[in-house]
Amino acid sequence: MRTDMNLCAYEIHSLSIKNEQIKIKELLAYGTNAFVYKVEYRDRSYILKELFPEGLSEQRVIKRDSTGAVLYRLRIIDKFKWQRVKLQFLLSIYKNRLLQRNLAVNDCVSQNVGLFRTNGTLYALYENIRGKDWSCYAGESLEELIIRCSKIAEIVYRIHRTGWLVMDVKASNFVINATESEEHIQLVDFDSMVRLSFARKKSKFYCSSETAPPELLEGRGRDVGVNSDVYSLAAMLFKKICGVSYNECKTLSLLMPFIENWSKERQSKFVNLLKMVLCPDITRRDISAIEFSRKLLELLR
Ligand SMILES: Nc1ncnc2c1ncn2[C@@H]1O[C@H](COP(=O)(O)OP(=O)(O)OP(=O)(O)O)[C@@H](O)[C@H]1O
Ligand SMILES: [Mg+2]
């Protein structure tokens, strides 16, 4: 997610799609290919993603007019970028819809309800999952962190069973819809997802450097597998517990202050589990997402 720019410069307050007004309530994020807004449409709250490639607006290649429409002055090279990002944007909606139509996983993925072409760009409308993504939570207990990570690991496992890899497992990509008695987690970002069979042929992956395993960062497609997502699950949990990225510090010793009240046996079970899952060599990371989920819960018994 981009934070290196003055977002206000690109903010708009309302949009007109098919002669209907969409009120922009809040700008949630500016990723590599889109602005993500919380909006009001027909008296209901939704999430709206607007195709707006990173880099082009900063170079003043694309800009808005007073109605919010996107205007271009695209050179050949920018046209190429626009088309590539547009394809990624459309593919992301396609993958989301594929999973939302699959009864095995439809309850744990965001729901796309529309795609519009207007204002010189594309818009995708989603049900607003009422809640915050996991990166916005603070002050959770160690037990809560482990339980949430275990639930996310179960979701990732269910997605693996459909033949897809998530490839960008990180806290901000999971939104938690919590009521007093229960909570429900959903995956909202499908940009990086690839079919397991196709991943092995790839040499470039779009992933977050904080949680991605070495084989993704180094583009070694032949080594990529379900265990790549399991690495990211563990790296995500490490970041939630310690507040720093495992990929930056590469040491599990930072965990110790957070588990000092645990018995020696439980401490070593946890550390050994993370050591195995965060091993740079994927062949030694021999654990599925569901096994990882179960082993996390076992720690709490
Ligand atoms: N359907 C949804 N309901 C509620 N919140 C959502 C929904 N979709 C996205 N969000 C919120 O918007 C944020 C950004 O969405 P998303 O992850 O799709 O794009 P991005 O973060 O810009 O992409 P990237 O992760 O590649 O930087 C999420 O972290 C989440 O907080
Ligand atoms: Mg995201």
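Refer to the structure printed above.
Here's a quick rundown of the structure. This one's a predicted model, so the numbers in the text were calculated from it and none came from an experiment.

### What to know about the pattern of salt bridges
Two side chains bearing opposite charge may form a pair once their charged atoms approach each other closely. Overall, the coordinates contain 17 salt bridges when judged by the stated rule. Glutamate 127 is paired through a salt bridge with arginine 44; the nearest N and O atoms lie 2.7 Å apart. With glutamate 127 in strand β8 (residues 121–127) and arginine 44 in strand β4 (residues 44–51), this residue pair connects regions lying 83 residues apart in the sequence. Linking glutamate 183 and arginine 148 is a salt bridge whose minimum nitrogen-to-oxygen distance equals 2.7 Å. Of this pair, glutamate 183 sits in strand β12 (residues 183–187) while arginine 148 sits in helix α2 (residues 142–161), and the two are 35 residues apart along the sequence.

### Structural notes on the layout of surface pockets
Put simply, the second largest pocket is a space of about 320 Å³. Along the wall of the second largest pocket there are 17 residues; nearest its centre are Leu91, Lys95, Asp191, Met193 and Lys202. Mapped onto the lining of the second largest pocket, the elements with two or more residues apiece are α1 (76–100) and β13 (194–195). At six residues, α1 tops the list of elements feeding residues into the lining of the second largest pocket. Two domains each put at least three residues into the lining of the second largest pocket: domain 1 (7–127) and domain 2 (132–298).

Analysis parameters
Residues numbered from 1 in each chain as written. Chains lettered and ligands numbered in written order. Predicted model: local features only at pLDDT ≥ 70, side-chain atom pairs only at ≥ 80, totals over all residues. Heavy atoms only, no water. Salt bridge = Lys/Arg side-chain N within 4 Å of Asp/Glu carboxyl O. Helix = DSSP H or I, 4+ residues; strand = E, 2+ residues; numbered from the N terminus. 1 Å grid on protein atoms, 1.4 Å probe; cavity = no way out; pocket = protein on both sides within 12 Å on 5 of 7 lines; lining within 4 Å. Points joined across faces, edges and corners; volume = space filled by probe spheres on them. Domains from an automatic or database assignment.

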